[in-house]
Amino acid sequence: MSEFSGDRSLIARVHWQRLGLLAAFLFGVWLFFHLFSSILLPFVVAAGLAYFLDPVVSRLEHLGVRRWLGALVLLFALGIFVVLFILQLYPVIADQAAALAQSLPGYIGTAQKDFGHLISDLQQRLGPGTVVSAKLRDIVANQAGAIVSFTGTAVTNIIGSGFAVVNVLTLLIVTPIVTFYLLRDWPSIIRHVDSWLPRPYEAVIRAQAMEVNRVLAAWIRGQAICCLALALVYALGLTLIGLDFGLTVGLAAGLLSFIPYVGTLLGGITAILISLNQNPGWHGILMVLLVFGCGQAFNDYVIQPRFLGDRLGLPAVWVIFSLFAGAAVFGFLGIMLAVPVTATLGALTRFWLRRYLQSPLYLAPAPE
């Protein structure tokens, strides 16, 4: 019989001690990320890679390959793929991205003039609408530049805060080393963490951890497939219709699609601006809309039902909010951590909601 079974005061004291320890742990985690967020990016990327690659290494281990060797071979193959990508595709993307960054202000100016002409035509057709017309002209002529400037500054701050200390060279050196050690020791790490769980709640905590793992694995796998498929569709489609910088815009729009609909909207707007400058008229705009419409329909009706379905448990609104909240708090590192934290909070919220719906707090009748 347990030494705590007959002493209710001792049980209550232990309960509050556990709650205090949990609160202190959460505060320590927050303080740790707050103090060291500028140098944690390689380690967070390494942890994400290890989590993503662990099933492959475990399968190789079951086939008789030693775990350290399987991890080394897998990372070596991934490194070769990255090098080939850099050598073959990166120069083209870099050149197009640089040219697009230089040309974008001109595209915006052209779009402002086109929208200004459109407003003038509408005013002539609808009659004198001086107040409305003035407001619309101010938005098109003045506020569009401010919005673009704000967007550029926000993106620069997010990326800059993530790379303030950690540069690309550090990522290329530190991340593979940390990933290798995490992959090699992953089962040992899981066993040690499991042994630290409080015994009365180990089954509950383990079940919630498995639920978080299920949601997170489904999201990562599904979003990776969706982003790659959309990047391929957009890049090929925009290139085939002859759009300038179509390869770069399409790849960027597809890879940004891990934020629901944001990649498609930003890519579509950018492609329309380029199309207006390249071939003024509706034909180019309709072709751009056709490419993005087909890509989004392919994603919504083929890819997501096949690879995600209803198993995810992460609504698009919460994903968007978590990504922006993470960027506001920890910059680029917050973007990396947003979905895992959201998946954990979602699993805990569903667990406590089930407990609440089965508790007297919900079921007890009102006093007469």
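Going by the structure above, here's the rest.
Residue numbers restart at each chain and count upward from 1, following the sequence in its written direction. Whole-chain, interface and lining totals are the exception, using all residues; otherwise, since this is a predicted model, local features are given only for residues with pLDDT of at least 70 and side-chain atom pairs are given and counted only at 80 or more. Heavy atoms throughout the structure, all of them, feed into the side-chain values; hydrogens and water do not.

**Observations regarding the overall build of the protein**
Line of reasoning, step 1. Within the protein one finds 13 helices and zero strands.
Line of reasoning, step 2. Secondary structure elements are defined from DSSP: runs of H or I of at least 4 residues count as helices, runs of E of at least 2 residues count as strands, and each element is numbered from the N terminus. The helix and strand sequence of the protein, counted from the amino end, reads α-α-α-α-α-α-α-α-α-α-α-α-α.
Line of reasoning, step 3. When a residue's accessible area, from a 1.4 Å probe over protein chains only, is under 20% of the maximum for its type it is buried; when over 50% it is exposed; and in between it is partly exposed. Burial status across the protein gives 29% buried among its 368 residues.
Line of reasoning, step 4. In what follows, a contact means two residues having at least one pair of non-hydrogen atoms within 4.5 Å. Restricting to contacts in the protein with at least 6 residues of sequence separation, those with at least 24 account for 73%.
Line of reasoning, step 5. The method behind every accessible area is Shrake-Rupley, applied with a 1.4 Å probe, and residues are considered shielded solely by the protein chains displayed. With an accessible surface of roughly 23,700 Å², the protein has 73% of that area assigned to carbon and sulfur atoms.

**Brief notes about the packing of aromatic side chains**
Line of reasoning, step 1. Paired rings are identified among Phe, Tyr and Trp, the last through its six-membered ring, by centres lying within 6.5 Å, and are further divided according to the angle between planes into stacked (under 30 degrees), edge-to-face (over 60) and tilted (the rest). Per the stated rule, a full pass over the model turns up 10 aromatic pairs.
Line of reasoning, step 2. Measuring from ring centre to ring centre gives 5.4 Å for Phe180 and Tyr181, while their planes differ by 70°; the resulting arrangement is edge-to-face.
Line of reasoning, step 3. For Phe180, a relative accessible area of 16% corresponds to the buried category.
Line of reasoning, step 4. Using a relative accessible area of 43% as the deciding quantity, one classes Tyr181 as partly exposed.

**Remarks on the nonpolar core**
Line of reasoning, step 1. One finds Leu230, Tyr234, Leu238, Leu243, Phe245, Val249, Ala253, Ala271, Ile274, Val288, Val291 and Phe292 forming the largest nonpolar core, which totals 12 residues.
Line of reasoning, step 2. Of all the secondary structure elements, the ones that give two or more residues to this core are helix H7 (202–240), helix H8 (246–255), helix H9 (262–278) and helix H10 (282–307).
Line of reasoning, step 3. When near neighbours in sequence (up to four residues on either side) are disregarded, Tyr234 contacts Gly250, Ala253, Gly254, Thr264, Val291, Phe292, Gly295 and Gln296.
Line of reasoning, step 4. Remark: nonpolar core denotes a set of buried residues (Ala, Val, Leu, Ile, Met, Phe, Trp, Tyr, Cys) joined through side-chain atoms within 4.5 Å. By size, the runner-up hydrophobic cluster in this structure holds 11 residues, among which are Val212, Trp219, Ile259 and Ala347.

**Things to note about a nonpolar patch on the surface**
Line of reasoning, step 1. Any residue with relative accessible area above 30% and no salt bridge may belong to a patch, with like charges joined within 9 Å and the nonpolar Val, Leu, Ile, Met, Phe, Trp and Tyr side chains within 5 Å. Each salt bridge in this description consists of a side-chain nitrogen of Lys or Arg and a carboxyl oxygen of Asp or Glu lying within 4 Å of one another. Where nonpolar side chains cluster on the molecular surface, the patch consists of Phe27, Trp30, Leu31, Phe32, Leu35, Phe36 and Ile39 and spans about 680 Å² of accessible area.
Line of reasoning, step 2. Structurally, the position occupied by Phe36 is in helix H1 (residues 8–36).
Line of reasoning, step 3. When its relative accessible area of 38% is taken as the criterion, Phe36 is described as partly exposed.

**What to know about the environment of Gln208**
Line of reasoning, step 1. Its place among the elements puts Gln208 in helix H7.
Line of reasoning, step 2. When its relative accessible area of 12% is taken as the criterion, Gln208 is described as buried.
Line of reasoning, step 3. Not counting residues up to four positions away in its chain, the partners in contact with Gln208 are Ala347, Phe351 and Arg354.

**Observations concerning the environment of Trp318**
Line of reasoning, step 1. Mapped onto the secondary structure, Trp318 falls in helix H11 (residues 316–330).
Line of reasoning, step 2. Taking the C-alpha atoms as reference points, Trp318 and Gly346, 28 residues apart in sequence, are found 9.5 Å from one another.

**Details of H7**
Line of reasoning, step 1. Taking 1.5 Å of rise per residue, 39 residues should cover 57 Å, and H7 covers 56 Å from first to last C-alpha, within 8% of that figure.
Line of reasoning, step 2. Of the residues flanking the end of H7, it is Gly242, one or two places downstream, whose phi is positive at about 80°. Given the number of residues in a helix, its expected span is that number minus one, multiplied by 1.5 Å.

**What to know about unusual backbone geometry**
Line of reasoning, step 1. Even without glycine at this site, Phe245 takes up a positive phi of about 60°.
Line of reasoning, step 2. In this fold, Phe245 is placed in the loop between H7 and H8.

Remember, this is a structural readout, not a statement about activity or role.
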